[in-house]
Amino acid sequence: MEQKPMISVIVPVYKVEEFLSRCVDSVLTQTYENLEVLLVNDGSKDSSGSICDAYAQKDSRIRVFHKENGGPGAARNTGIEAATGTYLAFVDSDDTVAEDMYGQMLSVIEQEHADCVICNIENRYADRTERLSHVFGNCVIKGNQNIRERVVIPLIDPDRKDDTMLQSGCNKLYRIALIREKGVSFSTMRWAEDWLFNIEYLMHTQCVAFITQWLYYYDLSTVGSLSKTWDPAGFTNALFLQERREALFPEYYPAAQRPLKVLWHERRQLRLYVDGNGLREFRKFGAAIFRNEKLRNAYRSLDSVPMAHKPAKWCIEHDWACGYYLWSIGITLPALAKRLLRPLFHKLRRLLHTNFTPSDLFVTLTFDDAHLPTSVEDAQRKIQNFLRRLKRR
């Protein structure tokens, strides 16, 4: 009888004692059973390491590795070195997977002789779920040049929004032999390390398959876990990622455009910082960006910058840090407002048992008259009237 190919599932573990069992159980109960599960304890100070050891005693398919904290990229590299399977998958230790995820993906990768299979992702929040679909549908893309143009280029250009799900390392099945043959590994930076890994892996592939099933469940209800913890070094990591992309694909990054990419990363990181932390320690983070030499040189090298960056350019040229902080807060106001109002939206959703969206708030509250609601009951009445009017349209 022909031996079924083994899938190595790598789970980097860091301070997730509350969620780890749920994650590991979802992997162990797969309908496809020929797995090895590599739990890499990345220096956790809680009981995560002990939980890993207990699972290894219960199931022979589990191997545990304990190492000093080095970030998710270093933990995954440890797993790649130890893996003995034919195919490779990654799971974040606070997420879960569908019970037939690896069976379905293995069937496709074997049938199509593909180097990678990519599925859809479901985001799971505390009060709702959101299904994300890649733009390819059920299809197979063959030929290295075709893959570079249709799959890799959307990954390397931050201005393109073709498919952000290409960035994740958890909704894919890889060939271990190709990873080792091409020497692909994870960066030790703690932000977007899977993004860079996918760029370097996919640029060597000859066949990539896409399926439309939602098989990976990304848990966004947890705080403080491996992939959801805000890292203040995000801007430095973003610049490192940009430099690697420029080195891999210099034809897509003319020298004249590179300073603009640096500015794009700066603005994105500022907004992510506010969305993750509010204004806590914002001044410290802003100071780190203001003093970054690559950023300062980017502003100075450009005769003209987008309108939104003109105040920052003037502040940096005149070495006025205070003005730069004011500008930073200004461009992050939408993210700050979203952060402050989000609890209100969720409370209204639960109260009304409806898919009420944040964009409806102002129209809803002022639909009947020009006065804001004076009580929860008043707000509920206004929103219900609004929804009834929508149904009649």
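The structure under discussion appears in the preceding block.
Throughout, residues of each chain are indexed from 1 in the direction in which the sequence is written. With the structure being a predicted model, the display of local features is reserved for residues of pLDDT at least 70 and the display and counting of side-chain atom pairs for 80 or more, all residues being used for whole-chain, interface and lining totals. Side-chain descriptors were evaluated using all non-hydrogen atoms of the structure, hydrogens and water having been removed beforehand.

### A short note on the overall build of the chain
Logical step 1: Strands are runs of DSSP state E lasting at least 2 residues, helices are runs of H or I lasting at least 4, and numbering of each runs from the N terminus. Scanning the chain from N- to C-terminus turns up 16 helices and 10 strands.
Logical step 2: Three exposure classes are used, based on accessible area relative to the maximum for each residue type with a 1.4 Å probe and protein chains only: buried under 20%, partly exposed in between, and exposed over 50%. The 393 residues of the chain split such that 51% are buried.
Logical step 3: Whether two residues touch is decided by their heavy atoms; if any such pair falls within 4.5 Å, the residues are in contact. Counting contacts in the chain only where the partners sit at least 6 residues apart, residues at least 24 apart contribute 75% of the total.
Logical step 4: Methods summary: accessible areas were calculated by the Shrake-Rupley approach with a probe of 1.4 Å, and residue burial reflects only the protein chains presented. Roughly 18900 Å² of accessible area belongs to the chain as shown, and the carbon and sulfur atoms make up 52% of that amount.

### Section: the pairing of strand β3 (residues 62–67)
Logical step 1: Here, strands pair whenever DSSP counts at least two bridges between them. Both strand β2 (residues 35–42) and β3 contribute to a ladder of 6 bridges, which runs parallel. From the neighbouring strand, Leu 39 faces β3, where its bridge partner is Val 64.

### Details of the pattern of salt bridges
Logical step 1: Take a side-chain nitrogen of Lys or Arg and a carboxyl oxygen of Asp or Glu: if they are within 4 Å of each other, that pair is a salt bridge. Applying the stated criterion across every chain yields a total of 13 salt bridges.
Logical step 2: Across the salt bridge formed by Arg 76 and Glu 193, the nearest N and O atoms sit 2.7 Å from each other. Note that Arg 76 is positioned in helix α3 (residues 72–82) and Glu 193 in helix α7 (residues 193–202), a separation of 117 residues in sequence.
Logical step 3: Judged by its relative accessible area of 3%, Arg 76 is buried.
Logical step 4: Classification of Glu 193 as buried rests on a relative accessible area of 7%.
Logical step 5: A salt bridge links Arg 300 to Glu 293; the nearest nitrogen and oxygen atoms lie 3.8 Å apart.
Logical step 6: The class of Arg 300 is partly exposed, set by a relative accessible area of 42%.
Logical step 7: A single salt-bridge network, built from bridges that share partners, covers Arg 76, Asp 92 and Glu 193.

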